[in-house]
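One-letter residues, chain by chain:
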Amino acid sequence: MPEFLLQQRRLLLAVAGSLAFILLAGRFVLGAGTTTPAAPLPPPPAAAAGVTGLPSSRVVVDVVGAVRRPGLYRLAQGSRIADALARAGGATGKAELALVNLAAPLADGEQVVVPRRGVPGASAPGAPAAPGAPAAPVQLSMATLEQLDSLPGVGPATAQKILDYRTKHGAFSSVDELDAVPGIGPKRLEQLRDLVVP
């Protein structure tokens, strides 16, 4: 009986050794046959945003005029002018909020101007300026079709082109961007330069 058990153990050891050899040989043969290199790992999201130039998730705006705490503020991408005013402590009692489109989206580098009531040049949208008083500059990033149409040399068709450009490219970051709007050339741009702000 012990001899039978000894033979059984030898047989089990031989089978186990054979299986181990087959597994190792198979792994070696299969591993050696694959020549496809491993795909590189994608960069981490933060590094990818910096390297590829993807837009950041924040915008920086300059809030000035009739607000409690004027200054530079960082806000989430997609924020509105109302959000910027809230971050600046809200409008003061002297603010002429009728001249500000609170629903307009913010663009990075934009200046948000909140005019004061009673200041020469501040008037209701579309209202003619008093004779001899300079008109309030039209904010290209927030102006309505009627406000743009009131500019000298800009009719309804060109005003609509400005709105279309703004819809496609976002808020204006510079008055010089008007040159990219069809129908506004260098001469018209110089005529408008003192009458508009981004």
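Calculation notes
Residue indices follow the written sequence of each chain, beginning from 1 at its first position. The predicted origin of the model limits local features to residues at a pLDDT of at least 70 and limits the giving and counting of side-chain atom pairs to 80 or more, whereas totals for whole chains, interfaces and linings rest on all residues. Side-chain measures here rest on the full set of heavy atoms in the structure, leaving out hydrogens and waters. A score from 0 to 100, pLDDT tells how confident the predictor is in each residue. Only runs of H or I of at least four residues qualify as helices and only runs of E of at least two qualify as strands under DSSP, and these elements are numbered from the N terminus. We call two residues in contact when some of their heavy atoms are within 4.5 Å. Pairs of strands are assigned from DSSP output, requiring at least two bridges between the strands.

Caption draft 1: Broad picture of the confidence of the model for the protein. Looking at the protein, the pLDDT average stands at 76 and 73% of residues meet or exceed 70. By mean pLDDT, the top-scoring element of the protein is helix α3 (residues 81-87) (93), and the lowest-scoring one is helix α2 (residues 45-52) (46). Scored below 50 in pLDDT, residues 46-52 makes three contacts in the model with residues more than four places away or belonging to other chains. Low pLDDT (under 50) marks residues 120-134, which in the prediction has 14 contacts with non-local residues, meaning those over four places away or in another chain.

Caption draft 2: Structural view of the pairing of strand β1 (residues 58-65). Note that β1 and strand β2 (residues 71-76) share six bridges and pair antiparallel. When the sheet's bridge partners are listed, Val 63 is paired in β2 with Gly 71. Connecting β1 to the antiparallel partner β2 that follows it, the hairpin turn spans five residues. Where β1 meets strand β3 (residues 111-114), four bridges bridge the pair, whose relative direction is parallel. Opposite Gly 65, over in β3, you have Val 114 as the bridge partner.

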